[in-house]
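Observations on the model geometry
Now for the letters of each chain:
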Amino acid sequence: MQIVFIIIGAAVFVAFAAAVFDRVLNFGNIVGMLLGAAYVLLGVFLNRLDVTNQRLVAVIAACVLLLMLLLMRNVYASGKTDAESERVVIVLGCKVKGDRPSLALLKRTDAAYRFLLSNPTSVAILSGGQGRGENLSEALCMQQLLYDRGIAKDRLILEDKSTSTDENIRFSLAIMEELGMEREAAIATSEYHQKRARLICSRYGIKASSVSSKTKWNLLPTFLIREIFALIKENIKDFNKVGGHL
């Protein structure tokens, strides 16, 4: 049993450490690497426990790992593209590195481009402000990318004030209402991000569909774990709002 835990722990650690090679270090892979290290240590010291406690610890550890895998699968499975011909696609921003889009932002823009190409009467709300280390807003960066690929500027609406996913959607909704649009939109973002985006859309009464971009394999576990905690935070926020109205 010891060797099993050591192997599982090492595999988990490597799966999350792989993101570091793309210069990604965030809450998601820190948690993942700590979990992997904990399983390795558990394997090393397991024989110091009596048989009953060994079995108890093994069951708990297996349940934690299984729960993590099920939650990750649930978040990933929610990222399937199901948009068809919605009038508007809201493209959720991501990091701009100086003047250059991050890989995630580039892929989200690519997904939006394919949607706009397939739906020539649709428009895009490009949502994302300018943060630290960004020489231009995420919205403007996406506009430049899409315009350079032949999408007319009159189809590209900028929302360049938001700093979070909630603000992305809330500020985009305000634009939709100003333009007399119904509360229905396709959401273009990374597949791991869709579940949270839909949760926030439901908060504001938006009927949402998905236009998903794919994440590099070595980054996906990291962002799935981060999303699990972000979803917990969003659900707590909604629960507190409901509780406050009781």
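Our subject is the structure listed above.
Residues numbered from 1 in each chain as written. Predicted model: local features only at pLDDT ≥ 70, side-chain atom pairs only at ≥ 80, totals over all residues. Heavy atoms only, no water.

On to a nonpolar patch on the surface. Where nonpolar side chains cluster on the molecular surface, the patch consists of Val20, Leu25, Ile30 and Leu34 and spans about 380 Å² of accessible area. For leucine 34, the position within the fold is in helix α2 (residues 27–45). Note on leucine 34: relative accessible area 58%, which makes it exposed. (Patch = residues over 30% accessible without salt bridge, like charges linked within 9 Å, V, L, I, M, F, W, Y side chains within 5 Å. Areas by Shrake-Rupley, 256 points an atom, 1.4 Å probe, with all protein chains shown as cover. Salt bridge = Lys/Arg side-chain N within 4 Å of Asp/Glu carboxyl O. Helix = DSSP H or I, 4+ residues; strand = E, 2+ residues; numbered from the N terminus. Buried < 20%, exposed > 50% of the residue type's maximum accessible area, 1.4 Å probe, protein only.)

Further remarks concern the pattern of salt bridges. One pass over the structure, following the stated rule, counts 10 salt bridges. Among the ionic pairs, aspartate 82 bridges to arginine 198, the shortest N-O distance being 2.6 Å. Linking aspartate 82 in the loop between α3 (51–77) and β1 (88–92) with arginine 198 in helix α7 (residues 194–203), this pair joins segments that are 116 residues apart in sequence. Since its relative accessible area comes to 39%, aspartate 82 is described here as partly exposed. With relative accessibility at 28%, the residue arginine 198 sits in the partly exposed group. It is possible to trace a salt-bridge network through shared partners that takes in Asp166, Arg170, Arg203, Glu234, Lys237 and Asp238.

Turning next to helix α4 (residues 103–118). Over its 16 residues, α4 runs 23 Å from end to end, which matches the ideal 22 Å to within 8%, given 1.5 Å per residue. Buried within α4 we find Leu105, Arg108, Thr109, Ala111, Ala112, Tyr113, Phe115 and Leu116. (Expected span 1.5 Å × (residues − 1).)

To continue, consider the sheet that holds strand β7 (residues 207–213). With respect to topology, 5 strands assemble into an open sheet ordered β5-β4-β1-β6-β7, the strand pairing being parallel. The sheet terminates laterally at β5 (156–159) and β7, the two strands that pair on one side only. Neighbour to neighbour, the strand axes of the sheet diverge by 25° on average, direction disregarded. Note: strand β6 (residues 184–190) against β7, 7 bridges, orientation parallel. Pairing of alanine 185 across the sheet is with alanine 208, part of β7. The sheet contacts of helix α5 (residues 138–148) involve β1, β4 (123–127) and β5, and relative to β5 the element is tilted by about 165°. In the packing of helix α6 (residues 165–178) onto the sheet, contacts are made with β1, β4, β5 and β6, and the angle to β5 comes to roughly 125°. (Pairing = 2+ DSSP bridges. Axes fitted to C-alpha atoms, helices over the stretch in contact; angles between N-to-C directions. Contact = heavy atoms within 4.5 Å.)

Glancing now at the packing of α6 against α7. Two elements in contact, α6 and α7, have axes whose closest approach is 10 Å; the angle formed by their N-to-C orientations is 45°. Looking at the two axes, α6 sits oblique to α7. By crossing handedness, the relation of α6 to α7 is classed as right-handed. Across from Thr165, Asp166 and Ile169 in α6, the residues of α7 making contact are Arg196, Ala197, Ile200, Cys201 and Arg203. (Parallel < 35°, antiparallel > 145°, perpendicular 65-115°, else oblique. Left-handed = near helix turned anticlockwise from the far one by under 90°.)

What follows covers the packing of aromatic side chains. In total, this model carries 3 aromatic pairs according to the counting rule given. Between the aromatic rings of phenylalanine 5 and tyrosine 39, the centroid separation amounts to 6.1 Å while the plane-to-plane angle is 35°, which identifies the pairing as tilted. With phenylalanine 5 in helix α1 (residues 2–17) and tyrosine 39 in helix α2, this pair connects stretches of sequence that are 34 residues apart. The pair phenylalanine 5 / tyrosine 39 is uniform in exposure class, with both members buried. Ring centres of phenylalanine 27 and phenylalanine 229 lie 5.0 Å apart, and the angle between their planes is 90°; on these two criteria the pair is classed as edge-to-face. Linking phenylalanine 27 in helix α2 with phenylalanine 229 in helix α8 (residues 220–244), this pair joins segments that are 202 residues apart in sequence. Taking relative accessible area as the criterion, phenylalanine 27 reaches 45% and is therefore assigned partly exposed. (Phe/Tyr/Trp six-rings, centres within 6.5 Å; stacked < 30°, edge-to-face > 60°.)

Moving on, we get to the environment of tyrosine 204. Structurally, tyrosine 204 can be placed in the loop between α7 and β7. With relative accessibility at 18%, the residue tyrosine 204 sits in the buried group. Placed 34 residues apart in sequence, tyrosine 204 and arginine 170 show a C-alpha to C-alpha distance of 7.3 Å. When sequence neighbours within four positions are dropped, the list of residues in contact with tyrosine 204 reads Asp166, Ile169, Arg170, Leu173 and Arg183. Within polar-contact distance, the side chain of tyrosine 204 engages the side chain of arginine 170 at 3.3 Å. (Polar contact = N/O pair within 3.5 Å; in protein donor to acceptor, adjacent residues only side chain to side chain.)

Another aspect to go through is the nonpolar core. If you look at the biggest cluster of nonpolar residues, it comprises 25 residues, and the most contacted ones within it are Phe5, Tyr39, Met68, Met72, Leu224 and Ile225. Of all the elements in the fold, those that place two or more residues in this core are α1, α2, α3 and α8. The next biggest cluster of nonpolar side chains, apart from the first, holds 23 residues, and it includes Ala83, Cys94, Ala111 and Leu156. (Core = buried A, V, L, I, M, F, W, Y, C linked by side-chain atoms within 4.5 Å.)

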